[in-house]
Amino acid sequence: MRPAKAVAPRPVVRPAAVGDDVPGVPCPSCGTPNPPDRRFCRRCATPLTPSTVPPPLPWWRTVWPLRRRTRAGSGRMVRFLVILAVVLALCAGGFLLLPAGRNLIEDTRDKLGKSKAVTPTRVEATAELPGHPPGSTTDGLSNRYWAAPAPGASVTYTFAKPFRLVGVIVTNGASPTPEEYARQGRALQIEMEVTAKDGGKVRKKLALSDKPGPQTFPTGISDATSIRLTLDAPAGLDQGRHLALAEVEFFQRS
């Protein structure tokens, strides 16, 4: 047999004797005192000055440009100005866009929803001819009409409670039939003034075509309590004729 290869004996680690009379800060792990200049414990090698872990950032500091940590106060003024500018921009945008946003929402509801007719409780006119009162414009009969002697005459419709005015249908002239329509004058423009429940007024011009039959005008006005129509731009107003308005229908959002 061949002789075995000699193997060196493994070293035996013997703990070094450490005196406990050394002045210094005790180890946080084993309690051994260590001199002030040591970074690791002389018995168990535990770090004597562990690095301080910074606290986690709040959620709003994780968003640019606030996610960068500051050093000695650098960048704080820049972040403050950025935050102030964003807040002012949001406030200004909300102040300026809020009415437009409301109008957009209401217009969308008008288009998606259904409408129904609303009848005024009182009808008054500044002028009328005998046999043709202003109430004829809301009686549901298009062969009867309100007769005004001249342009500038107006008729006011008052309603029982405020409503969202989504549309107006106007049947101009004396009748929807062509023969009766051409016998009297008619207004080709109507100045509409809508009064809201808070006293505010909305004015809108209705340009009518010179033809018989109903004509529809979308409006989209909230909280209407009364509506005044003023006749203007006459057509066919020859000698002995007067302005005729056969029917006016108002619609609210159901």
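1. Overview of the side chain of His242
Piece 1. Mapped onto the secondary structure, His242 falls in the loop between β9 (214-235) and β10 (243-253).
Piece 2. A relative accessible area of 12% means that His242 is categorised as buried.
Piece 3. Beyond its immediate chain neighbours, meaning those up to four positions away, His242 contacts Leu129, Tyr145, Ala147, Ala148, Gln184, Gly185 and Leu237.

2. Structural notes on the environment of His132
Piece 1. Take His132: it is sitting in the loop between β4 (122-125) and β5 (146-148).
Piece 2. Along the primary structure His132 and Ala148 are separated by 16 residues, whereas in three dimensions their C-alpha atoms are 8.5 Å apart.
Piece 3. Each residue touching His132, except ones within four places of it in the same chain, is listed here: Tyr145, Trp146 and Ala147.

3. Comments concerning the pairing of β10
Piece 1. For β10, a buried count of 10 out of 11 residues is recorded, marking the element as mostly surrounded by other parts of the structure.
Piece 2. Across four bridges, strand β3 (residues 115-118) lies against β10 in antiparallel orientation. Its bridge partner being in β10, Val118 is matched across the sheet by Phe250.
Piece 3. Sheet analysis places β5 next to β10, joined by three bridges and oriented antiparallel. Bridging from a neighbouring strand, Trp146 pairs with Leu245 of β10.
Piece 4. Where strand β6 (residues 154-172) meets β10, seven bridges bridge the pair, whose relative direction is antiparallel. Bridge pairing in β10 places Val168 opposite Phe250.

4. Comments concerning the environment of Pro149
Piece 1. Along the chain, Pro149 falls in the loop between β5 and β6.
Piece 2. The exposure class assigned to Pro149 is partly exposed, which follows from its relative accessible area of 42%.
Piece 3. Taking the C-alpha atoms as reference points, Pro149 and Gly185, separated by 36 residues in sequence, lie 9.8 Å from one another.
Piece 4. Residues within four places of Pro149 in sequence aside, it is in contact with Ala127, Glu128 and Leu129.

5. Topic: the packing of aromatic side chains
Aromatic rings considered in pairs are described by the distance between their centres and by the relative angle of their planes.
Piece 1. Applying the stated criterion to the full structure yields three aromatic pairs.
Piece 2. With a centroid separation of 4.8 Å and 65 degrees between ring planes, the pair formed by Phe159 and Phe163 is classed as edge-to-face.
Piece 3. Here Phe159 falls in the buried class, since its relative accessible area comes to 6%.
Piece 4. Residue classification places Phe163 among the buried residues on the basis of a relative accessible area of 5%.
Piece 5. Pairwise contacts between aromatic rings join Tyr157, Phe159, Phe163 and Phe250 into one cluster.

6. Focus: the nonpolar core
Piece 1. Of all hydrophobic cores here, the largest spans 27 residues; its most connected members are Leu165, Ile190, Met192, Ile227, Leu229, Leu231 and Phe250.
Piece 2. Of all the elements in the fold, those that place two or more residues in this core are β5, β6, β7 (186-196), β9 and β10.
Piece 3. With seven residues, β6 is the largest single contributor of residues to this core.
Piece 4. When residues no more than four places from it in sequence are discounted, the contact partners of Ile190 are Val170, Lys204, Lys205, Leu206, Leu208, Leu229, Thr230, Leu231 and Leu245.

7. Overview of the state of the cysteines
Piece 1. According to the stated counting rule, one finds zero disulfides in the structure shown.
Piece 2. Here Cys27 is not disulfide-linked; the sulfur of Cys44 is the nearest cysteine sulfur, at 3.6 Å.
Piece 3. Between Cys41, a cysteine without a disulfide, and Cys30, which holds the nearest cysteine sulfur, the sulfur-to-sulfur distance is 3.6 Å.

8. As for the pattern of salt bridges
Piece 1. In the structure shown here, the tally under the stated rule is seven salt bridges.
Piece 2. Salt-bridge contacts for Arg122 lead to Glu124; the nearest nitrogen and oxygen are separated by 3.4 Å.
Piece 3. On the basis of relative accessibility, which here comes to 43%, the residue Glu124 falls in the partly exposed class.
Piece 4. In this structure, Glu193 and Arg203 form a salt bridge, with 2.9 Å as the shortest nitrogen-oxygen distance. Taken as a pair, Glu193 in strand β7 and Arg203 in strand β8 (residues 201-207) lie far apart in primary sequence, 10 residues in all.

Here is what the cut-offs are and how they apply
- Residues numbered from 1 in each chain as written.
- Predicted model: local features only at pLDDT ≥ 70, side-chain atom pairs only at ≥ 80, totals over all residues.
- Heavy atoms only, no water.
- Helix = DSSP H or I, 4+ residues; strand = E, 2+ residues; numbered from the N terminus.
- Buried < 20%, exposed > 50% of the residue type's maximum accessible area, 1.4 Å probe, protein only.
- Contact = heavy atoms within 4.5 Å.
- Pairing = 2+ DSSP bridges.
- Phe/Tyr/Trp six-rings, centres within 6.5 Å; stacked < 30°, edge-to-face > 60°.
- Core = buried A, V, L, I, M, F, W, Y, C linked by side-chain atoms within 4.5 Å.
- Disulfide = S-S within 2.5 Å.
- Salt bridge = Lys/Arg side-chain N within 4 Å of Asp/Glu carboxyl O.

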